[in-house]
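Coordinates in review
Residue strings, one per chain:
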Amino acid sequence: MAERMEQAIKRLREIHEKNLIGGGEKHVERQHRRGKLLARERIDVLLDPGTFHEIGSCVNTTGMRMDGRKSEAPCDGAVMGTGMIDGRMIAVYASDFTVLGGSIGMQHLQKCAEMINMAAKWGIPMIWLLDSSGGRLGYLDVMIAGIDWYFCLISRYSGVIPQINVLMGPCIAGQAYAPTLCDFLLMSRETANLWLAGPRQAKAATSEEFDKSVGSADYHMKYSGTCDVVGDNDEKTIQKARELLSFLPLNFQEKPPYKEPSDDPNRMVDDIISIVPDDYAQKYDMHDVIELLVDDGNYFEVKDEYAKNLITCFCRFDGEVVGLVANNPKEPGSILEINSCDKYYRFLQVLDAYHIPLVNLVDTPAYVPGEDQEAIGLLRHFGKIADAYATSTIPKISVILRESYADAGSIIMGGAKSMGTDFCFAWPIAQFAVEASEIDYRKAYGKGVEEDAYEGYLNWSREKVDVFDVAAGYTTEMVDEIIEPKNTRVKIINAVKMTRNKMEKLPKRAKMHGTPPT
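Residues numbered from 1 in each chain as written. Predicted model: local features only at pLDDT ≥ 70, side-chain atom pairs only at ≥ 80, totals over all residues. Heavy atoms only, no water.

1. Re the environment of Tyr389
Heads up, the rule is: We count a stretch as a helix when DSSP gives it H or I for four or more residues in a row; a strand needs E for two or more, and each element gets its number in order from the N terminus. Here the term buried applies to any residue with accessible area under 20% of the maximum for its type, exposed to any over 50%, and partly exposed to those in between, with areas from a 1.4 Å probe on protein chains only. Residues are treated as being in contact if the distance between any of their heavy atoms lies within 4.5 Å.
Following the sequence through the fold, Tyr389 ends up in helix H14 (residues 378–391). On the accessibility criterion, Tyr389 (0% relative accessible area) is buried. Along the sequence, Tyr389 and Tyr344 sit 45 residues apart, while their C-alpha atoms lie 10.0 Å from each other. In this view, Tyr389 contacts Tyr344, Leu348, Leu358, Asn360, Lys396, Ile411, Ile412, Gly414, Met419, Gly420 and Thr421; residues no more than four positions away in its chain are not counted.

Structure below.
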């Protein structure tokens, strides 16, 4: 080997060796003491062994601070490249907290932005492994660290390629918007925090004091609904990201990945009637129904601790990926309210973007009535789901188990075929009504209700209509077929196969979107 080449290769290897310890041994040890994996360790957990190919490894910013000092930043704190998950190509970016706290400088930002652009151009998913203190303040070439740049890119490629953000450290201020813009946010219970203003900033600005747990993974799962999946630690959270990706296509032009089934497509579910009581007042856990219906009892739930009266999950029927939305009578009445509307809307948008069929399991009374819900915009939230359901062009299949009342069951859960439902099946005990109430309106309203109004409308609004009466007239556009409960899995599988090549297009318009309620 010629001397010049030998020296160049030696220099390259020295850079790569230096990159392995990031900001230095002291920072590496501190990262491990905090229960965190290093950026490259996280990439190793995410990807199939030996498939990572790094891009931009020689970047090393010697940034000039405003106080005149210089500091080195191997890879500028951003490790990125391509690799494979279950044999499928993906792009990955991991912030290195050992390098200036994983903060975002201009080279860091440029690398990240270019990785998003390349992933979109190549049609492969983008996975973020985030552990960053935010913008690299105090440096001459950084104003807002260019965070606005990748806000723009994440948004423009939304629905083009899957974008999954795995948060395993602090995420604060401007940087905190990025995870919310991705398709899914996964958070480590042990290490992740997400704030617009953390405890110190909030105290400085408003004198308000709050605990660090405000902003934790469990907080954003249970209360804000910002988090989609929680893992116990870095490794388990990343493994959940791998599992989630197994249900998503590489890009919007592909179908979700088919998996050779080990479960019998003709399997009867005889035990299902022992789970679902025929007494409408009795509760049951819809998770038990889902486990019995789907392939091998396996499903991947999203936002499992948020708005628990509605279940959203990915699963497979005879190897085909499906997004399943179900009421859960175990929770207060399985009634829909604003939080469950938000949960449903977001999930439905993802399904439609990536050609994933929707299956609804319906057992719901009407929306929650009352001043509190009205005041914070229940009608707007119902409106945006109605808009998303009507404008989605994916296969839509619904099964009504017991109750399908009013707007909640009949419209947004697929109980009204005129909304675009492809197949609507119903069990023999199913019943329909405008509302679930059993009260006598003459007693509730007193003398304000005339007898003719009661007989002509109010009494009938809570009248329960038997499924056989509904099915007797096909023009009602409510039920395609009454089915025996044990045949539910078989019927869903057949419906998914029948609609696999569904061709439906929305009317042409200048913009890609309408103007739904928010």
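2. Let's talk about the packing of aromatic side chains
What counts is decided by this rule: The rule is short: rings of Phe, Tyr and Trp, with Trp giving its six-membered ring, pair when the centres are within 6.5 Å, and they are stacked under 30 degrees, edge-to-face over 60, tilted in between. Only lysine NZ and arginine CZ atoms are considered, and such an atom sits over a ring when it is within 6 Å of the ring centre and within 35 degrees of the ring normal.
Inspection of every chain in the model, using the stated rule, returns 8 aromatic pairs. Look at Tyr93 and Trp128: their rings are 5.7 Å apart centre to centre, the planes differ by 85 degrees, and that puts the pair in the edge-to-face class. Of this pair, Tyr93 sits in strand S5 (residues 88–95) while Trp128 sits in strand S6 (residues 126–130); the two residues are 35 residues apart in sequence, bridging distant segments of the chain. Ring centres of Phe423 and Phe425 lie 5.7 Å apart, and the angle between their planes is 10 degrees; on these two criteria the pair is classed as stacked. You can call Phe423 partly exposed: its relative accessible area is 23%. Among the aromatic residues, ring-to-ring pairing joins Phe184, Phe247, Phe300, Phe314 and Phe347 into one connected group. Positioned above the aromatic ring of Tyr345 is the side chain of Lys384, whose terminal nitrogen or guanidinium carbon lies 5.2 Å from the ring centre. Against the face of Tyr389 rests Lys396, its NZ or CZ located 4.7 Å from the ring centre.

3. A closer look at the confidence of the model for the protein chain
The predicted coordinates should not be examined in detail at positions where pLDDT is low. Worth spelling out the cut-off: Per-residue confidence from the predictor is reported as pLDDT, which spans 0 to 100.
Confidence along the protein chain averages 85 in pLDDT terms, with 83% of residues attaining 70 or more. Contacts of residues 439–447 to residues separated by more than four positions or lying in other chains number 15 contacts, the stretch itself having pLDDT below 50.

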